[in-house]
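Notes for the structure review
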Amino acid sequence: MSELNAALDDKAKKAAFEGNKLAKRLRHHVGDAINDFNMIEEGDRVMVCLSGGKDSYTLLDILLGLQKSAPIDFSIVAVNLDQKQPGFPEHVLPEYLKSIGVEYRIVEEDTYSIVKRLVPEGKTTCSLCSRLRRGILYRVADELGATKIALGHHRDDILHTLFLNMFYGGKLKSMPPKLVSDDGRHMVIRPLAYCREKDIERYAQLREFPIIPCNLCGSQPNLQRQVVKEMVNDWDKRFPGRVESMFRALQNVVPSHLADTKLYDFASLTTGDAPFAGGDTAFDKEEFRDPAPHEDDAAEAAPKKRTISILDSRKPEGSGCGA
Ligand code: SF4
């Protein structure tokens, strides 16, 4: 019996260790994304859009953690849009948000009925639904005086969008970690941009967030997105490191070695010019090495040098140089 207890104890310790490591990893990825894109600044009021899914719960949780220790002051307000889908458990989010003591607003707008009325049976409803949702969230951001609107899209969403645009839209385009709204009045940020979906999934399980199912509207899952997701997940299993490498590619764009004449002035190139960024590879066979598996984990072991970071701890009170 004591052997069994010892084994259970070991298992619990290992699980706690893994949980801490995961939380640290997510926190660092969020902190790095915030720093790299200057997502949150002193005095910002960040409106975190909460759907009740794993991604937005994780986003809120990590931001609240960072807020406590960050060397800058910013406030957080969580917002959920209750779209009146049948069976939406409207008590779940207010109960959770009250329990963690965060400022929040639940906005009730029956977009479900509008979408059902306007979209013919059998047609996909997501595009109208998200357009309506976006308009409402921008309005609420104004009402709340929010300076940033934080969404829970993660690294895998960004990669999936890249492939969807390539496969179906003929564009090299994804979902940026930071963007200005069409009317130029709102700043949207995606602090989970560097986080892996599988980490978020695991974190949401460990933290036991009260997840609300996302199929209440009865809409079919987007088949193209699902296929791309399966393709990327399959690569991730068969070729460790490939997903990390693909994401890094988004941060290492070489316009002179693509073919967009709007992005690079190929027409004015003359023979006196020096080769641009990627060098002259016209006659070379490029050689590639396999990306190191788990480069993400390796990066943790040797974190990159940062200047002032949202991950830095606050100075203790009274430790300023004016003393
Ligand atoms: S899945 Fe349903 S709630 Fe979500 S965007 Fe599509 S229609 Fe709207």
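Numbering of residues starts from 1 in every chain and runs along the sequence as written. A pLDDT threshold of at least 70 governs which residues receive local features in this predicted model, and a stricter bar of 80 or more applies before side-chain atom pairs are shown or counted, although totals over entire chains, interfaces and linings include all residues.

As annotated in an unreviewed UniProt entry, the chain is tRNA-cytidine(32) 2-sulfurtransferase from Chromobacterium subtsugae. UniProt positions are given in the numbering used here, feature names are shortened, and annotations may be inferred rather than shown by experiment. Taken from UniProt, the Sequence similarities (unreviewed entry) comment for the chain reads in full: "Belongs to the TtcA family."

Further remarks concern the UniProt feature "short sequence motif: PP-loop motif" (unreviewed entry) in the chain. Here, UniProt's "short sequence motif: PP-loop motif" (unreviewed entry) annotation points to residues 51-56. Regarding residues 51-56, the helix share stands at 50% and the strand share at 0%, and the terminal C-alpha atoms are separated by 6 Å. What counts as a helix is a DSSP run of H or I of at least four residues, what counts as a strand is a run of E of at least two, and both are numbered from the N terminus.

Below, the discussion takes up the sheet that holds strand S5 (residues 178-180). In spatial order, the strands read S3-S2-S1-S4-S6-S5; together these six strands make up an open sheet with mixed pairing. The sheet is open, and its two borders are formed by strand S3 (103-108) and S5, each paired with just one other strand. In this sheet, adjacent strand axes meet at a mean angle of 25° when their direction is disregarded. One requirement defines pairing of two strands: DSSP has to find at least two bridges between them. Where strand S2 (residues 75-82) and S3 come together, six bridges link them in parallel fashion. Opposite Ala-78, over in S3, you have Tyr-104 as the bridge partner. Against the sheet, helix H5 (residues 126-144) contacts strand S1 (45-49), S2, S3 and strand S4 (148-150), and its axis sits at roughly 145° relative to S2. In this analysis, axes come from line fits to C-alpha atoms, helices being fitted only over the stretch in contact, and the angle between any two N-to-C directions falls in the range 0 to 180 degrees. Any two residues are considered in contact once their C-beta atoms, placed from the backbone, lie within 7 Å.

Lining the immediate environment of the ligand, one finds Thr-125, Cys-126, Cys-129, Ser-130, Cys-217 and Ser-219. Class assignment of the residues belonging to the shell around the ligand gives a composition of three nonpolar, three polar and no charged. Each residue receives a C-beta atom built from its backbone; the residue is near a molecule or strand if that atom lies within 6 Å of it. Gly falls in the polar group here, along with every residue not listed as nonpolar (Ala, Val, Leu, Ile, Met, Phe, Trp, Tyr, Cys, Pro) or charged (Asp, Glu, Lys, Arg).

Two elements in contact, helix H1 (residues 2-36) and helix H2 (residues 54-69), have axes whose closest approach is 10 Å; the angle formed by their N-to-C orientations is 80°. As judged from the angle between their axes, H1 and H2 are roughly perpendicular. Contacts between H1 and H2 pair Leu-26, Arg-27, Val-30 and Gly-31 from the former with Thr-58, Ile-62, Gly-65 and Leu-66 from the latter. Here the angle decides the label: under 35 degrees means roughly parallel, over 145 means roughly antiparallel, 65 to 115 means roughly perpendicular, and every other value means oblique.

So, on to the pairing of S2. With five bridges connecting them, S1 and S2 associate as parallel partners. Residue pairing for S2: Val-46 is matched across the bridge by Ile-76. For the crossover from S1 across H2 to S2, the handedness is right-handed. By convention, a crossover is right-handed whenever its connection, traced from the first strand over the helix to the second and viewed with the strands pointing away, goes clockwise. One crossover worth recording links S2 to the parallel S3 by way of helix H3 (residues 92-100), and it is right-handed.

The next thing to look at is the packing of H1 against helix H7 (residues 197-207). Contact geometry for H1 and H7: axes closest at 10 Å, N-to-C directions at 125°. As judged from the angle between their axes, H1 and H7 are oblique. When you trace H1 past H7, the crossing you get is left-handed. Residues Gly-19, Leu-22, Ala-23, Arg-25 and Leu-26 of H1 lie in contact with H7, whose contacting residues are Asp-199, Arg-202, Tyr-203 and Leu-206. Partitioned by chemical class, the residues of the contact of H1 with H7 number five nonpolar, one polar and three charged. A crossing counts as left-handed when the near helix is turned anticlockwise from the far one by less than a right angle, and as right-handed when that turn is clockwise.

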